[in-house]
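Breakdown of the fold
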Amino acid sequence: MKMIEGGVVAAKGFKANGIHCGIRKNRTKRDLALIVSDVRAAAAAVYTTNKVYGAPITVTRENIADGYAQAMICNSGNANTCNANGIEIAEGMCALVEKAAGIAAKDVIVASTGVIGQPMTIDPIAAGIDELVAGLGDHHNEAAEAIMTTDTIQKEVAVEFTLGNATCRIGGMAKGSGMIHPNMATTLIFLTTDVAITPAMLQKALSADVEDSFNMVSVDGDTSTNDTCSIMANGQAGNALIDAENADYAAFCEALAVVTQKLSRMLAGDGEGATRLLTCKVTGGADVKNAKIIAKAVICSSLVKAAFFGADANWGRILCAIGYSGAEVDVHGVDVAFSSAKGEILVCKDGAGVDFSEEIAKEILLEKEIDILVTLHDGDAAATAWGCDLTYEYVKINGDYRT
């Protein structure tokens, strides 16, 4: 397996584009993206668990109920949530793809992101759809830019691997910087692959994968209304069809995990106002469920996040988060260490503090990427969660988000 360029067009038979159509007032920001497969593809998706969710989710659920799709369209700048005409607009976006690209409206995955409850019209999308379709090609960068909201970086990943004698690829792009918290999905994620796999096995793989990737990411404890992670698999790689849990299925899942976990790290590291990527690695858990509960509790703690913003080795906050997490754990057998490019330092042993150099700890915690290493003595299970620090800038961004 190797990392490659190309994002959502790395896999055979996919094209993409992104333009500014006028949803956003700022003409320098693209706001409409489209991904198209040359052929109808197996499709799967997972969605937000928020009871308030965007109209595009309702339409996408209906469109891929048969397990197939051929295009993904997404706008930024307006979430199309809590709008009286939301379903009409989401269905209208699919109809526009049909008219301009010749792809059946029922084969379109649709998504929106931006401000919730903002009045929306389909007019700018209708005005831009011909330009969007005419420009379809190797424009993965433009597509990735068009789905951004408060993101500061584009988030794209692609890998190449083999199944039998076939060279296969999986690519993806994601957006998300704030209102990010499990459970699934987290943000908007669009994945493409040329692997031949049945819709049932594709859904099985995606549903299992997000439990260890996007569902282990938290920026601010708020679960969005529009979260969707979707994938299309068009079979153009020519591998033997994956229709059961065999060796090829395992290899596909492994490649998928590389893509989704790299995107997860990007999402956490680009949290609104963030200055540090935090990775909590839990080992020695009683079971995976408890290890995940602990990893999430640590990464979600506002006090832990604030401490890392100040590069303060306040390990007591980590023990506190573990204690209220609800996990089955022996709190008197917890070790905590911090690690970064500057080294590693043990700050807690068997649930109690140890002597350590505050100066060395500070140096370690001033790095942009920090690992929080939690070692338990309850079993052999492990889990990883990703998050970021909590900064003044986060409050500033969300204090005037609409304006």
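No experiment lies behind these values; they were computed from the predicted model shown.

1. Some words on the packing of helix α2 (residues 86-101) against helix α3 (residues 123-134)
One way to put it is that α2 packs onto α3 with a least axis distance of 10 Å and a crossing angle of 40°. What the angle tells us is that α2 and α3 run oblique. In this structure, α2 crosses over α3, and the sense of that crossing is right-handed. Along the contact surface, α2 presents Met-93, Leu-96, Val-97, Ala-100 and Ala-101, while α3 presents Ile-125, Ala-126, Ile-129, Asp-130 and Val-133. Of the residues contributing to the contact of α2 with α3, the split by class is nine nonpolar, no polar and one charged.

2. Here we look at α3
When we look at burial in α3, the residues that qualify are Pro-124, Ile-125, Gly-128, Ile-129, Leu-132 and Val-133. One side of α3 carries all its buried residues, which in axial view fall inside an arc of 145°. In this structure, α3 carries Asp-123, Ala-127, Asp-130, Glu-131 and Ala-134 as exposed residues pointing more than 90 degrees from its buried face. The secondary structure elements touched by the buried residues of α3 are β2 (14-19), β3 (32-47), β4 (68-78) and α2.

3. Focus on the sheet that holds strand β13 (residues 352-353)
The strand order β13-β12-β11-β14-β10-β15 describes an open sheet built from six strands, whose pairing is mixed. Strands with a single pairing partner mark the edges of an open sheet, and in this sheet they are β13 and β15 (381-388). Two elements, strand β10 (residues 277-285) and strand β14 (residues 369-375), share seven bridges in a ladder whose sense is parallel. Looking at β14, one finds that Leu-277 is bridged to Glu-369. Running over the sheet, helix α10 (residues 358-365) touches β11 (335-340), β12 (343-349) and β14 and is turned about 120° from β12.

4. Some thoughts on the packing of aromatic side chains
Tallying each qualifying case throughout the model produces two aromatic pairs. Cation over ring: Arg-61 sits above Tyr-47, and NZ or CZ is 4.5 Å from the ring centre. The lysine or arginine in question, Arg-61, covers the ring of Tyr-53, its NZ or CZ lying 5.4 Å from the ring centre.

Quick notes on the rules
- Residues numbered from 1 in each chain as written.
- Predicted model: local features only at pLDDT ≥ 70, side-chain atom pairs only at ≥ 80, totals over all residues.
- Heavy atoms only, no water.
- Axes fitted to C-alpha atoms, helices over the stretch in contact; angles between N-to-C directions.
- Helix = DSSP H or I, 4+ residues; strand = E, 2+ residues; numbered from the N terminus.
- Parallel < 35°, antiparallel > 145°, perpendicular 65-115°, else oblique.
- Left-handed = near helix turned anticlockwise from the far one by under 90°.
- Contact = heavy atoms within 4.5 Å.
- Nonpolar A, V, L, I, M, F, W, Y, C, P; charged D, E, K, R; others polar.
- Buried < 20%, exposed > 50% of the residue type's maximum accessible area, 1.4 Å probe, protein only.
- Arc of directions from axis to C-beta.
- Pairing = 2+ DSSP bridges.
- Phe/Tyr/Trp six-rings, centres within 6.5 Å; stacked < 30°, edge-to-face > 60°.
- Lys NZ or Arg CZ within 6 Å of the ring centre and 35° of its normal.

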